[in-house]
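Structural overview
Residues per chain are reported as follows:
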Amino acid sequence: MSVLDGILDGVREDLRDRMAEVDVQYLCGRADARVDRLTPNETVAALRGDGVRVIAEVKRSSPALGSLAAITDPAALATQYAAGGAAAVSVLTEARRFSGSLDDLAAVRAEVAVPLLRKDFVVHPYQVIEAAAYGADLLLLIVAALSQEDLELLMLEADHAGLAVLVEAHTEVEVVRAVDAGARVIGINARDLTTLEVHRETFARLVGHVPAGVVTVAESGIRDGDDVRAYVEAGADAVLVGSALVRSDNPATAVSDLVSAGRREGTR
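Residues numbered from 1 in each chain as written. Predicted model: local features only at pLDDT ≥ 70, side-chain atom pairs only at ≥ 80, totals over all residues. Heavy atoms only, no water.

Quick notes on the pattern of salt bridges
- Under the criterion given, the structure shown has 15 salt bridges.
- Residues D137 and R109 are paired through a salt bridge, measuring 2.7 Å at the closest nitrogen-oxygen approach. Taken together, the residues span a long stretch of sequence, with D137 in the loop between α6 (125-133) and β6 (138-142) and R109 in helix α5 (residues 102-109) at a distance of 28 residues. Taken individually, D137 and R109 each receive the classification buried, so the pair is uniform in this respect.
- Residue D226 pairs with R229 through a salt bridge whose shortest N-O separation is 2.8 Å. (Salt bridge = Lys/Arg side-chain N within 4 Å of Asp/Glu carboxyl O. Helix = DSSP H or I, 4+ residues; strand = E, 2+ residues; numbered from the N terminus. Buried < 20%, exposed > 50% of the residue type's maximum accessible area, 1.4 Å probe, protein only.)

Some details on the nonpolar core
- Within the largest apolar cluster, 96 residues are counted, with the highest numbers of intra-cluster contacts made by Y81, V89, L141 and V239.
- Top element by residues in this core is α6. It accounts for 6 residues.
- Excluding anything up to four places from it in sequence, V89 contacts I55, A56, V58, A78, Y81, V108, V114, P115, L116 and L117. (Core = buried A, V, L, I, M, F, W, Y, C linked by side-chain atoms within 4.5 Å. Contact = heavy atoms within 4.5 Å.)

Structural notes on the sheet that holds strand β5 (residues 116-119)
- Taken together, the 8 strands give a closed barrel; going around it, the order is β1-β4-β5-β6-β7-β8-β9-β10, and neighbouring strands pair in parallel fashion. Shown here is a sheet whose adjacent strand axes are inclined to one another by a mean of 25°, direction ignored.
- Here strand β7 (residues 164-169) runs beside strand β8 (residues 185-189); their pairing, made up of 4 bridges, is parallel. Paired with A169 across the two strands is I188, which belongs to β8. (Pairing = 2+ DSSP bridges. Axes fitted to C-alpha atoms, helices over the stretch in contact; angles between N-to-C directions.)

Here is the structure:
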């Protein structure tokens, strides 16, 4: 069994528990009551600009690195990210391996105005409604975790819920599947989800398979400005950074430094 398979088994078990406890109609009502919602077009636009945009992540732990930071106040951390110039904030909501929750997402939503990504292992339409109900503007869908039919179904569900979608791939086949599904934002993950090893050349190797006009996000293993500058040269529109930021003594400054590193030549 791969690492991803093990994570998905736990996700499905926890999902069954939540579905038994929380009626989907309650979630739909909560989603409909939101007054802070961004449109998918606004969310996608926030991830593209003159320089590489930084998506800063609220993440307590990971299967690859173990415990990263306690993060007793995820909203305060996200506020620092936004102050540093983050274009969006990613919130891990998976509990078993990443120590996250939907309450973290709601807490961050209450304090920041930038687009929020619900980062989790989404395998069922119920999770799409959860994302909308708890404050997300953007939803992660991982190609490796889904059949093509399920990927396209969940993208349609996200559209109905008013969410943009970040479709994550880490092989050429998965990038092609993301493109075929109509993804407007494609994340290329440098971490192999079966072994958890990071291969930083993955983005440069795969980005050529993404059509012009699709937003590209470089994910995983981004340590510092040098890594960001490498992704600038490779043509990334955005970078998603977690571990390096949650370990920082000054998250706002750390984000600001990455934003500065992501400015393309000729921009200020």
